[in-house]
Amino acid sequence: MNFRESLESGKFLVTAEVGPGKGTDVEHLLKDADIIKDRVDAVNVTDLQSSVMRLGSMAFSHLLTDMGIDPIFQMTGRDRNRLALQSDLLSAWVLGIRNVLALTGDHPTMGDHPHAKPVFDLDSVSLLEMIGKLNSGYDMAGNELKGAPDFLAGAVVNPGADTEAALELQIIKMKKKIAAGAKFFQTQAVYDIDLFEKFIRRVEGLKVPIIGGVILLKSAGMARFMNKNVAGVFVPMPLIKEMTDTKDKVKKSIEIAASIVKRLKDLCQGVHIMALGWEKMIPAVLDQADI
Amino acid sequence: MDNFEPLIAVFSCHYCSYAAADLAGSLRIQYPPNIRIIKVPCTGRVSVNHILMAIESGSDGVYVAGCLKGTCHFIRGNYKAEKRVQYVRDLLSEINIEPERVQMYFMSAAEGNKFAEVAREMTEAVKKMGPSPLNKSSS
Amino acid sequence: MLIAERKPMEEILEMIEDFERILVLGCKGCVTVCCAGGPREVKTLSTLIRMDRKQKGRKVITLEDSTELQCEPESIKPVLEKMANQYDVVLSMACGAGVQAVAKLFPDQLVLPSLNTNFTGIAEEHGVWTEACLACGDCILGRTAGICPVTRCAKSLLNGPCGGASEGKCEVSKDQPCAWQEIYHALKRLNMLHYLKQKPQVKDWPVHPGRVVREDLREVEAT
């Protein structure tokens, strides 16, 4: 089953994520992908994550298709204008890529080339609209395509928005994304399940599958770092304490992730596990969560 | 250079340091004859250009003597002067003139002694620095 | 108004290195208000130039004057013609438009900039300015409660914020409020939150350099 079929079947979805590195060495990433291959419905490939210059998402997504993994090609509006975005989507399609996740993208100042010119010609919403247009056989300017793609487009939402304004705006924008053609949502990492549940209650009427994000906690330090620096991620104190007190961090990390996955099973339509290099642990997390 | 006698311009506030200078005189307190007092209604009136003009026209040092903080007759004049002095110091650094040639002091009308002390301190400091680079090249 | 800042002295001094007679030309428009290039700053800069040359034992003559608006040819002409042949170079203290207007009007005259033009902005308080308008040529302020997302959102987003804000601040800087959250609060205050639900927009960027023509204002040839 490819990702679209899994999505349409209504089964509980599992997606993972790989972030290509800086350079041409892809071997270990392919190895990691191979480990999780049979346990996931799709694997996201990030697009210059955190605005750090890396190997591109399209090339690595293509390598995944060669391995029989259905990739979700992440595409941000940060680095390309509408010409390049449309062209890259057509290229991705001919390389066998079928799913796209449309994002606005981090600002270049967040990464390792902080003075690069920020593009943001299209944002996540207009990117989705454009994908819809390509799917219908036309480009953004209304010109007919000779051979059209048929992408499954998704988007992201941040349920942990930390102010009233941020949350309301997230939901308004989520609706715009759905109207623009988003068929599924992946979320920022969820640790505070109660908060997430409140969010889900707000948006369940929208009837679009939500895949809850899970980041494997590697240490208490990492949790504190994310609380301070990653928008929308908040690791509650008790979890940080569990990570501090444990003797076996890997075991604890898997335990925490599995318990989150278990609870998410009742709340949303899937989990998106971001292992950040710990892909080897994903099968254990899924086993413990009975998936 | 041993007998270098600097010329120092003092922007002195009517309400405090100028009165302090008066008091120093009445009390017969000696201070160096190097300073030239320019009385201003408030140090807040001293502009960046005033200080620069003093340097350009031959002063080896300039200081602005305003009221003690919190006692300015016009509430904030001395605070403004302090910031402008800092700005002028930055400008001077940009053209390689020692910023220490320009200073800000605060004193009350009752501090005749302090007025004399500051005059001595500034004269000594500028003596150590030697003539203003502007005066050096012309001589 | 346009906000500008003086270039570092080192850069200015290097530009004027080869010249002895310098017209320091301020502008009484925006740069006077933002204290970067008005008559007062002309005096400051001229003094600094003279003091620098004096230290180096090199001659210099500085002429000081300011135009009403250096971006307007009518205001440049009388000032420069008044002092014709008295200077070798014009050191402009106007914004980039002012410098170019002088260069265009006097093509045989070398004009140098002494300011860096930063942006079109608002005075938040005396001494603090923030960027407010990108001059994009298609104003949407009527839909965003007078807060421009094109300028004040670091990504110029038109359809709502990205997910990067934290505690109401932009991911680019903790000192910068998220423009979209500000728009949200302003629209809520005005009871116009429904404005946020408009259909998505794509910005059509203008082609540079821009040119505005008002036929009704142009000179007419009598026939």
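Note on numbering: residues in each chain are counted from 1, in written sequence order. As they are written, the chains are lettered A onward and the ligands numbered 1 onward, keeping that order. The model is predicted, so local features are restricted to residues of pLDDT at least 70 and side-chain atom pairs to those at 80 or more, both for listing and for counting; the totals for chains, interfaces and linings are taken over all residues. Here the side-chain values reflect all heavy atoms present in the structure, with hydrogen atoms and water set aside.

Undergrad: Requested: an account of the overall build of chain A, with residues and values cited.
TA: Starting at the N terminus, helices and strands are each numbered in turn, a helix being any DSSP run of H or I of at least four residues and a strand any DSSP run of E of at least two. Within chain A one finds 11 helices and 8 strands. In this treatment the radius of gyration is a C-alpha quantity, and the globule benchmark scales as 2.2 Å times the residue count to the 0.38 power. Whereas a compact globule of 291 residues would reach a radius of gyration of roughly 19 Å, chain A reaches 18 Å, a difference of no more than 12%. Taken over the C-alpha atoms alone, chain A extends approximately 60 × 45 × 45 Å along its principal axes. In this description, contact between two residues means that some pair of their heavy atoms is separated by no more than 4.5 Å. Here the analysis covers contacts within chain A between residues at least 6 apart in sequence; of these, 78% occur between residues at least 24 apart. In the form shown here, chain A has an accessible surface area of approximately 12400 Å², with 54% of it arising from carbon and sulfur atoms. Taking the 35 positively charged and 37 negatively charged side chains of chain A as two groups, their mean positions are separated by 3 Å. Areas reported here follow the Shrake-Rupley algorithm with a probe of radius 1.4 Å; residue values treat only the protein chains shown as occluding. For the charge count, each Lys or Arg is scored as positive and each Asp or Glu as negative, with His and the chain ends excluded. The atom standing in for a charge is NZ when the residue is Lys, CZ when it is Arg, CG when it is Asp and CD when it is Glu.

Undergrad: Got a sec to walk through the overall build of chain C? Specific residues and values, please.
TA: Within chain C, the regular secondary structure consists of 7 helices and 7 strands. For chain C, the succession of helices and strands along the chain, N to C, is β-α-β-α-α-β-α-β-α-β-β-β-α-α. Summarising its shape, the C-alpha atoms of chain C cover approximately 65 × 60 × 25 Å along the three principal directions. Remark: exposure states derive from per-residue accessible area (1.4 Å probe, protein chains only) relative to the maximum for the residue type, with buried under 20%, exposed over 50%, and partly exposed in between. In chain C, buried positions account for 43% of the 223 residues. When the accessible area of chain C is evaluated, it comes to approximately 12400 Å², of which 52% is carbon and sulfur surface. A distance of 4 Å separates the average location of the 28 positive side-chain charges in chain C from that of its 30 negative side-chain charges.

Undergrad: Tell me about the pairing of strand E5 (residues 152-157) of chain A, and name the residues and values.
TA: All names here are of chain A. By the criterion of burial, E5 is predominantly enclosed, with 5 of the 6 residues buried. When DSSP locates at least two bridges between a pair of strands, those strands are taken to pair. Two elements, strand E4 (residues 99-103) and E5, share 4 bridges in a ladder whose sense is parallel. In the sheet register, Ala-102 faces E5, and the bridge partner there is Ala-155. Running through helix H5 (residues 124-135), the crossover from E4 to the neighbouring parallel element E5 is right-handed. Alignment of E5 against strand E6 (residues 185-189), held across 3 bridges, turns out to be parallel. Note on E6: the bridge partner recorded for Ala-155 is Phe-185. Orient the strands so they point away from the viewer, and a crossover whose first-strand-to-second-strand path over the helix runs clockwise is right-handed.

Undergrad: Lay out the packing of helix H6 (residues 164-179) of chain A against helix H7 (residues 193-203) of chain A with the relevant residues and their values.
TA: Residues and elements named next belong to chain A. Angles shown run from 0 to 180 degrees and are taken between the N-to-C directions of axes, each axis being a line fitted to C-alpha atoms and, for helices, limited to the stretch in contact. The contact between H6 and H7 brings their axes to 11 Å, and the two run at 40°. Taken together, H6 and H7 sit at an angle that is classed as oblique. H7 is crossed by H6, and the crossing has right-handed handedness. Between H6 and H7, the contacting residues are Leu-167, Glu-168, Ile-171 and Met-174 on the first element and Phe-199, Arg-202 and Val-203 on the second. Of the residues that constitute the contact of H6 with H7, the class distribution is 5 nonpolar, no polar and 2 charged. Put simply, angles under 35 degrees are roughly parallel, angles over 145 are roughly antiparallel, angles from 65 to 115 are roughly perpendicular, and the rest are oblique. Handedness of each helix crossing follows the sense of rotation of the near helix against the far helix: counterclockwise by less than a right angle gives left-handed, clockwise gives right-handed. Throughout, the ten residues Ala, Val, Leu, Ile, Met, Phe, Trp, Tyr, Cys and Pro are labelled nonpolar, Asp, Glu, Lys and Arg are labelled charged, and all others, Gly among them, are labelled polar.

Undergrad: Mind laying out the sheet that holds strand E4 (residues 89-92) of chain C, listing which residues take part and the relevant values?
TA: Residue and element names in this part refer to chain C. Pairing is parallel in the open sheet, where 4 strands are placed in the order E3-E2-E4-E5. Among the strands making up the open sheet, the edge pair consists of strand E3 (61-67) and strand E5 (111-113). For this sheet, the mean inter-axis angle between neighbouring strands, taken without regard to orientation, is 25°. Inspection of the sheet shows E4 paired to E5 by 3 bridges, in the parallel sense. Each residue of the ladder has a partner; that of Val-90, found in E5, is Val-111. Each of strand E2 (21-27), E4 and E5 is contacted by helix H1 (residues 9-16), which is oriented at about 170° to E5, the strand it contacts most. Along the sheet, helix H3 (residues 39-56) contacts E2, E3 and E4; its crossing angle with E3, the most-contacted strand, is approximately 165°.

Undergrad: Give me the side chain of Glu-41 of chain C: which residues, what numbers.
TA: Residue and element names in this part refer to chain C. Inspection of the secondary structure assignment puts Glu-41 in helix H3. Definition used for salt bridges: Asp or Glu carboxyl oxygen within 4 Å of a side-chain nitrogen of Lys or Arg. Although Glu-41 is buried, it makes no salt bridge; Arg-40 carries the closest opposite charge, 4.1 Å away. With residues up to four places along the chain from it excluded, the contact list for Glu-41 reads Cys-35, Ala-36 and Met-93.

Undergrad: Please give an account of the interface of chain C and chain A that cites residues and values.
TA: Facing 30 residues of chain C, the contacting portion of chain A comprises 28 residues. The buried area of a pairing is the accessible area, by a 1.4 Å probe, that goes missing from both parts when the two are put together, added over both. Between chain C and chain A, the buried area comes to about 2400 Å², and carbon and sulfur atoms account for 56% of it. The tally of links between chain C and chain A comes to 2 salt bridges. Between Arg-82 of chain A and Asp-204 of chain C there is a salt bridge, and its shortest N-O distance comes to 3.1 Å.

Undergrad: Describe helix H2 (residues 27-36) of chain A, with residues and values.
TA: Residue and element names in this part refer to chain A. All of the buried residues in H2 are Leu-29, Asp-32, Ala-33 and Ile-36. Seen along its axis, H2 keeps its buried residues to an arc of 100°; they face one direction. Of the exposed residues in H2, those oriented more than 90 degrees away from the buried face are Glu-27 and Lys-31. The inward-facing, buried residues of H2 abut strand E1 (13-18), strand E2 (42-45), helix H3 (57-66) and helix H11 (282-288). In this description, the arc belongs to the directions extending from the helix axis to the C-beta atoms.

Undergrad: I'd love a proper account of the nonpolar core, names of residues and values included.
TA: Residues and elements named next belong to chain A. In this structure, Leu-64, Leu-89, Tyr-191, Val-235 and Leu-264 are the most contacted members of the largest nonpolar core, which totals 82 residues. Ranked by residue count, the leading element in this core is helix H10 (residues 249-267), at 8 residues. Look past the residues within four positions of Leu-89 in its chain and what remains in contact with it is Phe-73, Met-75, Val-100, Met-130, Ile-131, Leu-134 and Phe-151. Nonpolar cores were defined as sets of buried Ala, Val, Leu, Ile, Met, Phe, Trp, Tyr and Cys residues, with membership established by side-chain atoms within 4.5 Å.

Undergrad: Could you give an account of the arrangement of the chains, naming the residues involved and the relevant values?
TA: Taken together, the 2 pairs of chains in contact show their highest number of contacts between chains A and C. Looking at chain A next to chain B, you find no contact at all, with the nearest C-alpha pair sitting 27 Å apart.

Undergrad: A description of the interface of chain C and chain B should follow, citing residues and the corresponding values.
TA: Residue-level contacts link 15 residues of chain C with 17 residues of chain B. Both faces considered, chain C and chain B share a buried interface measuring about 1400 Å² in area, 59% of it formed by carbon and sulfur atoms. Ranking the residues of chain C by area buried against chain B places Met-51, Lys-54 and Gln-55 of chain C at the top, with a combined share of 43%. Linking chain C with chain B are 2 salt bridges.

Undergrad: For unusual backbone geometry, give the residues involved together with the corresponding values.
TA: All names here are of chain C. His-208 connects to Pro-209 through a cis peptide bond whose omega is -5°. Position of Pro-209 among the secondary structure elements: in the segment after helix H7 (179-189). Phi at Asn-85 is positive, roughly 70°, even though this residue is not glycine. Within the secondary structure, Asn-85 sits in the loop between helix H4 (73-82) and E4.

Undergrad: How would you summarise the pattern of salt bridges if you had to cite specific residues and measurements?
TA: Evaluated as defined, the whole model comprises 33 salt bridges over all chains. For Arg-6 of chain C, the salt bridge is made with Glu-94 of chain B, and the minimal N-O distance between the two is 3.1 Å. Here Arg-6 of chain C, found in strand E1 (residues 2-6), pairs with Glu-94 of chain B, found in helix H3 (residues 77-94), and the two come from separate chains. A salt bridge links Lys-7 of chain C to Glu-11 of chain C; the shortest N-O distance between them is 2.8 Å. With a relative accessible area of 10%, Lys-7 of chain C lands in the buried category. Beyond isolated ion pairs, a larger network of salt bridges with shared partners links Asp-47, Arg-80 and Asp-88 of chain A.

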